Amino acid sequence: MPTLQIDRSDLVTVLGQLAPLTDSKGTKPILANVHARAAEGKLILSATDYTTTLQLGVTTYSDAAAEFLLPASLAKYLRHWPQPKVTAKIGPESIIFESERGQFPVPVIDPGLYPATDTAPLPKRFTVQASTLCRAIETSVPFCARNDTRRNITGVHVIAHKNTVRFEATDGHRATQRDLPAEIAGKRVKSDCIIPAAALALWLKADKTRMGKVAISWDDKHARIECLDRVLTVRLLEGQYPNLNQVIPERTAAPPSVDHGALTQTLQALGALADGSIKPVGLRVQPGGMVLASEASEQGQGVLAIAAEWDGEPSTVGLNAAYALDFLKLAKGGRVTIDIRDEL
């Protein structure tokens, strides 16, 4: 009878990270479980919804190799476990969790019934620093569409070319692009894929350390993200991604720049005066400053000026204050540059 000893908080954390992929409604009973494999001081736990599979590791003591299934609901019981360590004995008919207060048995389910995960290497591959990848996910996933009939824009478009990987996203109203330095394997031919935003959000929650290098690989149907004992495999989204270069302004040599905090406070103040979810604000750039004005509403109209670095010709654009604030929340302070494509 193999015996395992696992840190309770680590096990609860991993089960919580896998929970979004488990079936809590009972429509697919086998997916209400988490697959577990103990070997060489690690307990490898994985869950799948047939589209996305996430594998995470927990340090453990094991006196023998073992493979078994655990109910995903186990986490809510372990949160109240009386000891910092969890001892589990895997028998032929039940898995017995033991504490000083007694025993908690879980029926054994044949692990062979759980969907297998394809581990074959995928041909297109690049590596990137974990912290850089997490930052790219943080600044792209919020801009993806949600529940849109155009499923291709519910994901992040990843483009690998030469020594750079671009993450870009749009919901049809706003768009973002972020370039990352990367090590691209094999022929440096431009290639791309669309990874579902929900899967990238799962990876972000699972990668707490943000240390080391992450490998991302894909073929025509699937993508895989790997770092140490963390592996995410996901089915890619199909379709042609919109060409964002047609709508995102080209960067100029010396665009207007403004303090992040000043711009944020100004947009928040003007957005509070706007009616509805769309908060239109007019922005006029002129030498030495910016003037921002909200549309007239029942709350009134606001006109505020802030200092800016700019010595070019005056120009005026309109923007949605709510969209701009979404971007500013993700920025890390400093100065913000504003490239203007089409003047009002």
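For the structure itself, look to the data block above.
What you see is a predicted model, and the numbers here were worked out from it, not measured in a lab.

> Whenever I open this one, the overall build of the protein confuses me. Can you help?
Tallying secondary structure elements over the protein gives 6 helices and 23 strands in all. By residue count, 44% of the 344 residues in the protein fall in the buried class. Restricting to contacts in the protein with at least 6 residues of sequence separation, those with at least 24 account for 68%. For the protein, the separation between the mean place of its 38 positive charges and that of its 37 negative charges on side chains is 2 Å.

> Hey, could you run me through the layout of surface pockets in this one?
Vacant regions in the atomic arrangement are exposed by a probe of water-molecule size rolled over the atoms. Here the largest pocket is characterised by a volume of approximately 1,800 Å³. Of all the secondary structure elements, the ones that give two or more residues to the lining of the largest pocket are β11 (164–170), β12 (175–181), α5 (260–271), β22 (315–320), α6 (321–330) and β23 (335–337). In this model, the second largest pocket occupies a volume close to 590 Å³. Forming the walls of the second largest pocket are 25 residues, and the residues nearest its centre are Thr-51, Arg-151, Pro-196, Ala-198 and Leu-237. Secondary structure elements with two or more residues in the lining of the second largest pocket: α4 (197–206) and β17 (230–235). The element that contributes the greatest number of residues to the lining of the second largest pocket is α4, accounting for 4 residues.

> Hey, could you run me through the side chain of Arg-230 in this one?
Structurally, the position occupied by Arg-230 is in strand β17. Taking the relative accessible area as the measure of exposure, Arg-230 reaches 8% and is therefore buried. In terms of polar contacts, Arg-230 uses its side chain to reach the side chain of Asp-207, at 3.2 Å. In this view, Arg-230 contacts Gln-55, Leu-56, Trp-203, Ala-206, Asp-207, Thr-209 and Ile-225; residues no more than four positions away in its chain are not counted.

> It is not clear to me how the environment of Pro-280 should be interpreted in this structure. Could you clarify?
Looking at the element boundaries, Pro-280 is found in strand β19 (residues 280–286). Between the C-alpha atom of Pro-280 and that of Leu-319, which follows or precedes it by 39 residues, the distance is 5.7 Å. Beyond its immediate chain neighbours, meaning those up to four positions away, Pro-280 contacts Ala-293, Ser-294, Glu-295 and Leu-319.

> Where do I start with the sheet that holds strand β20 (residues 289–294) in this structure?
To summarise the sheet geometry, strands pair through backbone hydrogen bonds and adopt either a parallel or an antiparallel arrangement. Spatially, β21-β20-β19-β22 is the arrangement adopted by the 4 strands of the open sheet, whose pairing is antiparallel. The open sheet is flanked by β21 (303–307) and β22, the only strands paired with a single partner. Within this sheet the neighbouring strands show an average axis-to-axis angle of 25°, counted without direction. In terms of strand pairing, β19 meets β20 through 6 bridges, oriented antiparallel. Within the sheet, the bridge partner assigned to Val-281 lies in β20 and is Ser-294. Contacts between α5 and the sheet are confined to β19, β20, β21 and β22, with β21 contributing the most and set at about 175° to the helix.

> Sorry, what's going on with the environment of His-222 here?
By the element assignment, His-222 lies in strand β16 (residues 222–227). Relative accessible area serves as the criterion here: at 31%, His-222 is assigned to the partly exposed category. Sequence separation between His-222 and Pro-181 is 41 residues; the distance between their C-alpha atoms is 23 Å. Setting aside anything within four residues of it in sequence, one finds His-222 in contact with Leu-122, Ser-217, Val-234, Arg-235 and Leu-236.

> Would you mind showing me how to read the nonpolar core here?
As a rule of thumb, nonpolar side chains are buried together in soluble globular proteins. Counting 76 residues, the largest nonpolar core has Leu-45, Phe-126 and Phe-167 as its most contacted members. In terms of residue count, α4 provides more of this core than any other element does, 6 residues in total. Counting residues in each nonpolar core, the second largest holds 18 residues, with Val-258, Leu-270, Ala-308 and Ala-324 among its members.

> Can you help me understand α5 in this one?
Since the α-helix packs 3.6 residues into each turn, any two residues three or four apart lie on the same face. With 12 residues, α5 should reach 16 Å at 1.5 Å per residue; the first-to-last C-alpha distance of 16 Å fits that figure. Its side-chain oxygen at 3.1 Å from the backbone nitrogen of Gly-261, Asp-259 defines the N-terminal cap of α5.

> Can you help me understand the pattern of salt bridges in this one?
Close approach of charged atoms allows side chains of opposite charge to pair. Tallied over the entire structure, the rule returns 11 salt bridges. In this structure, Lys-89 and Glu-98 form a salt bridge, with 3.6 Å as the shortest nitrogen-oxygen distance. As a salt-bridge pair, Arg-174 and Asp-326 come within 2.5 Å of each other at their nearest N and O atoms. A residue pair is termed long-range when its members are at least 10 positions apart, and Arg-174 in the loop between β11 and β12 and Asp-326 in helix α6 qualify at 152 residues. Overall, Arg-174 belongs to the buried group, its relative accessible area being 15%. A network of salt bridges, in which partner residues are shared, links Arg-135, Glu-138 and Arg-210.

Definitions and cut-offs
- Residues numbered from 1 in each chain as written.
- Predicted model: local features only at pLDDT ≥ 70, side-chain atom pairs only at ≥ 80, totals over all residues.
- Heavy atoms only, no water.
- Helix = DSSP H or I, 4+ residues; strand = E, 2+ residues; numbered from the N terminus.
- Buried < 20%, exposed > 50% of the residue type's maximum accessible area, 1.4 Å probe, protein only.
- Contact = heavy atoms within 4.5 Å.
- Lys, Arg positive; Asp, Glu negative; His and termini not counted.
- Charge placed at Lys NZ, Arg CZ, Asp CG, Glu CD.
- 1 Å grid on protein atoms, 1.4 Å probe; cavity = no way out; pocket = protein on both sides within 12 Å on 5 of 7 lines; lining within 4 Å.
- Points joined across faces, edges and corners; volume = space filled by probe spheres on them.
- Polar contact = N/O pair within 3.5 Å; in protein donor to acceptor, adjacent residues only side chain to side chain.
- Pairing = 2+ DSSP bridges.
- Axes fitted to C-alpha atoms, helices over the stretch in contact; angles between N-to-C directions.
- Core = buried A, V, L, I, M, F, W, Y, C linked by side-chain atoms within 4.5 Å.
- Expected span 1.5 Å × (residues − 1).
- Salt bridge = Lys/Arg side-chain N within 4 Å of Asp/Glu carboxyl O.

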